[in-house]
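Here is what each chain is made of, one letter per residue.
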Amino acid sequence: MAKVPSITLNNGMKIPQLGLGTWGSPQGEVANAVKEAIDLGYRHIDCAFVYGNEQEVGDGLAAKIADGTVKRDDVFVTSKLWNTFHRADLVRPALEKSLQNLRLKQLDLYLIHWPMGYKEDGDIFPTDADGKTLFSDTDYVETWKAMEECLKAGLTRSIGLSNFNIRQVERILREGTVKPVMNQVEYHPYLHEVELSQFCRSKGIEITGYSPLGSPARPWVKSDDPVLLEDPKVIEVAKRCGKSVAQVLIRWQLQLGHITIPKSTNPKRIKENFDVFDFELSKQDMEVLGSLNRNERFVPMSMCAGHKYHSFENNEFKD
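Definitions and limits used
- Residues numbered from 1 in each chain as written.
- Predicted model: local features only at pLDDT ≥ 70, side-chain atom pairs only at ≥ 80, totals over all residues.
- Heavy atoms only, no water.
- UniProt positions renumbered as here; feature names shortened; annotations may be inferred.
- Pairing = 2+ DSSP bridges.
- Helix = DSSP H or I, 4+ residues; strand = E, 2+ residues; numbered from the N terminus.
- Buried < 20%, exposed > 50% of the residue type's maximum accessible area, 1.4 Å probe, protein only.
- Arc of directions from axis to C-beta.
- Polar contact = N/O pair within 3.5 Å; in protein donor to acceptor, adjacent residues only side chain to side chain.
- Axes fitted to C-alpha atoms, helices over the stretch in contact; angles between N-to-C directions.
- Parallel < 35°, antiparallel > 145°, perpendicular 65-115°, else oblique.
- Left-handed = near helix turned anticlockwise from the far one by under 90°.
- Contact = heavy atoms within 4.5 Å.

Within an unreviewed UniProt entry, the label attached to the chain reads NADP-dependent oxidoreductase domain-containing protein, and the organism entered is Phlebotomus papatasi. Checking UniProt for the chain, the heading Sequence similarities (unreviewed entry) contains the comment "Belongs to the aldo/keto reductase family."

And the structure:
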């Protein structure tokens, strides 16, 4: 069984560099995927309330603790605060709900899922009569300060961000009292956010790259969208290495120094995604993959267009 390298966070905690993602994992398959992953050696599970499958993650994790495969402290569990819970008084109850779903007393990492808040006290995807998303004007700095209180209360061992841009991270560093340990962002060769990665890591904030395989199963995919897994240059690198395209894409993230969380519920693919520690990409191969950037964002969060805090629009910083 391969031993997954760990990265030490700025609070001294260690996080396994490779984890199992659960976004988009079909209901009814997640618990088995978690059990399969733990049996293979995964010790990092990435979750979120909005994925709608935290209870199944909890079932899988509880089963592997019960049968003695792992102890609770062996597995690093991340979850995320959804957009409808940004108001300060809603943050702790949202975290407590995720803990209840996961059957845990404490998370290892809790992230603000997006800087953009949605209208509170209703649906998790609130919309008006025309189907347009209803926004909240809650400032994510207020949200962050409530996250700090959850940390002090011992509900999570660390806190961080997800999908925050450089200037938003700077605001958190300037106005908060606890430095985030993480910024989880979309990252793959078609979206190679070098500046964001370098900035965060210069501040002691690690990067988790999600959608490392280009998120081919995303619900809004269109027939003419580019498919990272079918890119000829990536395929060429994979052939040269004698590995699958997915393995090469995961290895690229690891060699960039990122944490990464490929998602699958297929036992064969879960195993394949884990078998990435017996080879290295050459400097040339790393450069080939790094040259593919096309600013192709597979998770554009377009329903938040016009939101003051939309991290891809920078509206809050416009004159």
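Asks: Honestly, the sheet that holds strand S5 (residues 76–81) in this entry has me stumped. Any pointers?
Replies: Strands belonging to one sheet form pairs held by backbone hydrogen bonds; the direction of such a pair is parallel or antiparallel. Taken in spatial order, the eight strands make up an open sheet running S3-S4-S5-S6-S7-S8-S9-S10, and their pairing is parallel. Sheet topology places strand S3 (20–21) and strand S10 (259–260) at the edges, where each strand pairs with a single neighbour. The sheet contact formed by strand S9 (residues 206–210) and S10 spans two bridges and is parallel. Counted as the bridge partner of Thr 208 is Ile 259 from S10.

Asks: Where do I start with helix H7 (residues 232–241) in this structure?
Replies: Each α-helix winds once per 3.6 residues, and so residues spaced three or four apart point in a common direction. All buried positions along H7 are accounted for by Val 234, Val 237 and Ala 238. Taken end-on, H7 shows its buried residues confined to a sector of 100°, consistent with a single buried face. In H7, those exposed residues whose orientation departs by more than 90 degrees from the buried face are Pro 232 and Lys 239. Where H7 begins, the side chain of Asp 231 points an oxygen toward the backbone nitrogen of Lys 233, at a separation of 2.8 Å. Following H7 by one or two positions, Gly 242 adopts a phi angle in the positive range, close to 70°.

Asks: Can you help me understand the UniProt feature "domain: NADP-dependent oxidoreductase" (unreviewed entry) in the chain in this one?
Replies: Residues annotated in UniProt with the feature "domain: NADP-dependent oxidoreductase" (unreviewed entry) correspond here to residues 18–292. The span residues 18–292 is 39% helical and 11% strand by assignment, and the distance between its end C-alpha atoms comes to 23 Å.

Asks: Explain unusual backbone geometry to me, please; I cannot follow it from the model alone.
Replies: Leaving glycine out, the prevailing phi sign among residues is negative, and the prevailing peptide bond configuration is trans. The residue Asp 121 is not glycine, and still its phi comes out positive at about 65°. As for its placement among the helices and strands, Asp 121 is situated in the loop between strand S6 (109–112) and helix H4 (140–152). For Asn 314, which is not glycine, the phi dihedral falls at a positive 60°. Its place among the elements puts Asn 314 in the segment after helix H10 (283–290). For Asn 314, a relative accessible area of 31% translates into the label partly exposed.

Asks: Explain the packing of helix H5 (residues 166–175) against helix H6 (residues 194–202) here, please?
Replies: The geometry of a pair of packed helices is captured by two quantities: the angle between their axes and the separation between those axes. Their axes nearest at 10 Å, the elements H5 and H6 cross at an angle of 15°. Considered as vectors, H5 and H6 are oriented roughly parallel to each other. Viewed along their axes, H5 and H6 form a crossing whose handedness is right-handed. Contacts between H5 and H6 involve Ile 166, Val 169 and Glu 170 from the former and Glu 195, Leu 196, Phe 199 and Cys 200 from the latter.

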